[in-house]
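# Per-entry structural report
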Amino acid sequence: MKKRIISIVMMLAMVMSLVGCTPNITAYLEKTKEVQNWKGSKISGQAEVKVSFKDDQGKTQEVKMPMTVSGVSEGKEKAEVKVSMDMTAIKKMAPAENDEEAMKMIPDKFEMHMFVDGTKVYINKDYFNAMAMGNKEALANIKEDYVLLATDEENSVAIMPQKAVMEYVNSAEFNADVMSILNKALEGYKPLGDMKVEGNKFTYEATSDQMAQEIINSVTTIVANWDKVSGDIYKLANKMEAGVDEATIKGAVKEFKKDDFAKSVNKAKETIKGSSLKSSIDFKEGRYLQEVVLDLKVKDMFNMAMTMKSEAVKDDSVKVMIPKSVKKLTSAEYMDLIFHIDQTPIINVRVNAEELEFSDQQPTIVEGRTLVPFRALLEKLGAKVEWNEKNQTVTATKADKSIVLKIGSNKATVDGKEVTLDVPAVIENGRTIVPLRFLSENLGYKVKFDAEMAPFYVIDIYNTTDEKLAETLKAKEEAMIAEFAKKEKESLEKADKSEKATSVGIIGGKDSVK
């Protein structure tokens, strides 16, 4: 939580620093304050998202998705927004990929209808259906038209800020606090670019290379000024009920290393090289016009071009009618609705720290007992395996040990003696699966079952000491981390070399021949 709050504050400063606290940006902020004080307004806009990429055959594919946005706002507390996106272009791609499931999942049109009333957010139920999100069964049981994400009483959704915080964020005090923090944090910083101003029209343009360098320069400046500003950030965090102590904020940048940060940013810059952003807003009497053009190029993946034009008009007579057909959700219900996790067990089995692979039938849990394909397990444990089709029995022998299981029977024989099983061996999907713990322990192995991350389970089967198993697992984990770190370092060094080569070219200028 503490790291997240600090990251948000850092990101706020970083984004604002793209143009710095120049007179132009200050003038822009003053204009936005005027708009925020409108008693009511109407907004309408159109946008188009165009995505191009290469398919598996190397052919360039292009998808266009037109979008409309409309809405009204009543003061600072109430708003209604409608977003509609035409998905037919994406749907047309599905037949080409022979993907019938995709055809079913993709709607002809994606529509979101949202209301805001203070800290309460209402979203139309169909939005969750259209996005193929979450728990379909729970969604089907909601008879109301809207889902309410509230922050009051016992049904609060923790991701929404409380009313007092919202009032502060919408206040002149908050704007003053943020501007004071930014002015102190960015003291001595000179932005590479600035907003262009023509009358009441403000325009910002930048390439991805320019934005990357601005980020490096601005964050470095913020870190240098941290001692001057950390106290103010602590006060702002308290007003926002962030629950973070002053010492944490003061020490937030202690581990910051400029070179490592620059390498990371430059690596990201290479991934989106050639991208650009242009944004303009023209303030007129009682209205404003806004235009955004984003050209995003993601290396070896896709290009996305987005254009958006919108107009907001002051209208003091606007009234927002909050819906009545509403289903109020608890935090748990809301999270399950959008991030529903399939509770089907995913079981990872290791024998003496080595992964055990199951090709065509995965382990399963029956009445609290784990059953696995018999041949893969028994052969890994060093046992000889025999299958008797006529008698439907599995026989496992290792040294002087002999175990016989009969399909469907809760009786087994171990060295000629009959024993009772908690669950019998069964045939599932044409494969014989057998009780893992029973067989492993009777062949001289120990079994550890880790259910901390249910429904993701880890089972260790081993015939060594607990200490030796722990050492082996730790060594494997450290080797994996080291290999990842090695690849990450190589990737950063490659990006650094590319940056240096580019810098040399810029500094040296054009070659001249006399």
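First, a word on what this report is: a plain description of the structure on this page. (Residues numbered from 1 in each chain as written. Predicted model: local features only at pLDDT ≥ 70, side-chain atom pairs only at ≥ 80, totals over all residues. Heavy atoms only, no water.)

### Regarding the overall build of the protein chain
If you tally the helices and strands in the protein chain, you get 16 helices and 25 strands. Counting over 514 residues, the protein chain shows a buried share of 36%. For the protein chain, the exposed area adds up to about 30700 Å²; of that, 53% sits on carbon and sulfur atoms. (Helix = DSSP H or I, 4+ residues; strand = E, 2+ residues; numbered from the N terminus. Buried < 20%, exposed > 50% of the residue type's maximum accessible area, 1.4 Å probe, protein only. Areas by Shrake-Rupley, 256 points an atom, 1.4 Å probe, with all protein chains shown as cover.)

### Let's talk about helix α8 (residues 172-185)
Compared with an ideal rise of 1.5 Å per residue, which puts 14 residues at 20 Å, α8 spans 20 Å between its outermost C-alpha atoms and is within 8% of the ideal. Taken together, the buried positions of α8 are occupied by Phe 174, Asn 175, Val 178, Met 179, Ile 181, Leu 182 and Ala 185. Angular distribution of buried residues about the axis of α8 spans 160 degrees; they occupy a single face of the element. (Expected span 1.5 Å × (residues − 1). Arc of directions from axis to C-beta.)

### Some remarks on the sheet that holds strand β10 (residues 287-298)
Spatial ordering of the open sheet is given by β7-β8-β9-β10-β11-β1-β2-β3-β4-β5-β6-β12, a layout of twelve strands whose pairing is mixed. The outermost strands of the open sheet, each flanked by one partner alone, are β7 (196-198) and β12 (326-328). Taken pair by pair, the neighbouring strands of this sheet meet at an average axis angle of 15 degrees, ignoring direction. Sheet analysis places strand β4 (residues 109-117) next to strand β5 (residues 120-124), joined by four bridges and oriented antiparallel. Note on β5: the bridge partner recorded for Asp 117 is Lys 120. (Pairing = 2+ DSSP bridges. Axes fitted to C-alpha atoms, helices over the stretch in contact; angles between N-to-C directions.)

### Comments concerning the nonpolar core
One recurring pattern in soluble globular proteins is that nonpolar side chains are buried together. Counting 35 residues, the largest nonpolar core has Tyr 28, Trp 226, Phe 283 and Tyr 288 as its most contacted members. Every element with two or more residues in this core is listed here: α2 (23-36), α8, β8 (201-207), α9 (208-224), α10 (226-239) and β9 (276-284). In terms of residues, this core owes the most to one element, α8, which gives six residues. Among residues more than four places away in sequence, those in contact with Tyr 28 are Met 195, Phe 202, Ile 281 and Phe 283. One finds Leu 381, Val 385, Leu 405 and Ile 459 within the second-largest nonpolar core, a separate group that totals 31 residues. (Core = buried A, V, L, I, M, F, W, Y, C linked by side-chain atoms within 4.5 Å. Contact = heavy atoms within 4.5 Å.)

### What about the pattern of salt bridges?
The final tally for this structure, using the stated rule, is 19 salt bridges. Of the charged contacts in the structure, one is a salt bridge between Lys 239 and Glu 173, with a shortest N-O distance of 2.8 Å. Linking Lys 239 in helix α10 with Glu 173 in helix α8, this pair joins segments that are 66 residues apart in sequence. Judged by its relative accessible area of 33%, Lys 239 falls in the partly exposed class. Among the salt bridges present, the one from Asp 232 reaches Lys 184, with a minimum N-O distance of 2.6 Å. One end of the pair, Asp 232, is in helix α10; the other, Lys 184, is in helix α8, with 48 residues separating them in the sequence. Residue classification places Asp 232 among the buried residues on the basis of a relative accessible area of 19%. Each of Glu 173, Asp 177 and Lys 239 takes part in salt bridges that share partners, so that together they form one network. (Salt bridge = Lys/Arg side-chain N within 4 Å of Asp/Glu carboxyl O.)

### Here we look at the pairing of β5
Among the five residues of β5, four are classified as buried, and the element is accordingly described as predominantly covered. What sits between the antiparallel neighbours β4 and β5 is a turn of two residues, in which Gly 118 has the positive phi angle 70 degrees. Judged from the four bridges that link them, β5 and strand β6 (residues 146-149) form a sheet pairing that is antiparallel. By the bridge assignment, Ile 123 is partnered in β6 with Val 147.

### A look at the packing of aromatic side chains
Applying the stated rule across the entire model yields eight aromatic pairs. Between Phe 374 and Trp 387 the ring centres are 6.3 Å apart and the planes differ by 35 degrees, which places this aromatic pair in the tilted class. Here Trp 387 lies in strand β17 (residues 384-388) and Phe 374 lies in helix α14 (residues 374-380), a separation of 13 residues in the sequence. Since its relative accessible area comes to 9%, Phe 374 is described here as buried. Residue classification places Trp 387 among the partly exposed residues on the basis of a relative accessible area of 29%. Put simply, the rings of Trp 38, Phe 202, Phe 283 and Tyr 288 pair up and form one aromatic cluster. (Phe/Tyr/Trp six-rings, centres within 6.5 Å; stacked < 30°, edge-to-face > 60°.)

### A short note on the packing of α9 against helix α12 (residues 258-271)
Axis separation between α9 and α12 bottoms out at 10 Å; the angle between their running directions is 165 degrees. As far as their axial angle goes, α12 and α9 are roughly antiparallel. Considering how the two elements wind past one another, α9 and α12 form a crossing that is right-handed. Across from Ser 208, Asp 209, Ala 212, Ile 215, Ile 216, Val 219 and Thr 220 in α9, the residues of α12 making contact are Lys 258, Phe 261, Ala 262, Val 265, Asn 266 and Lys 269. Among the residues forming the contact of α9 with α12, the class breakdown is seven nonpolar, three polar and three charged. (Parallel < 35°, antiparallel > 145°, perpendicular 65-115°, else oblique. Left-handed = near helix turned anticlockwise from the far one by under 90°. Nonpolar A, V, L, I, M, F, W, Y, C, P; charged D, E, K, R; others polar.)

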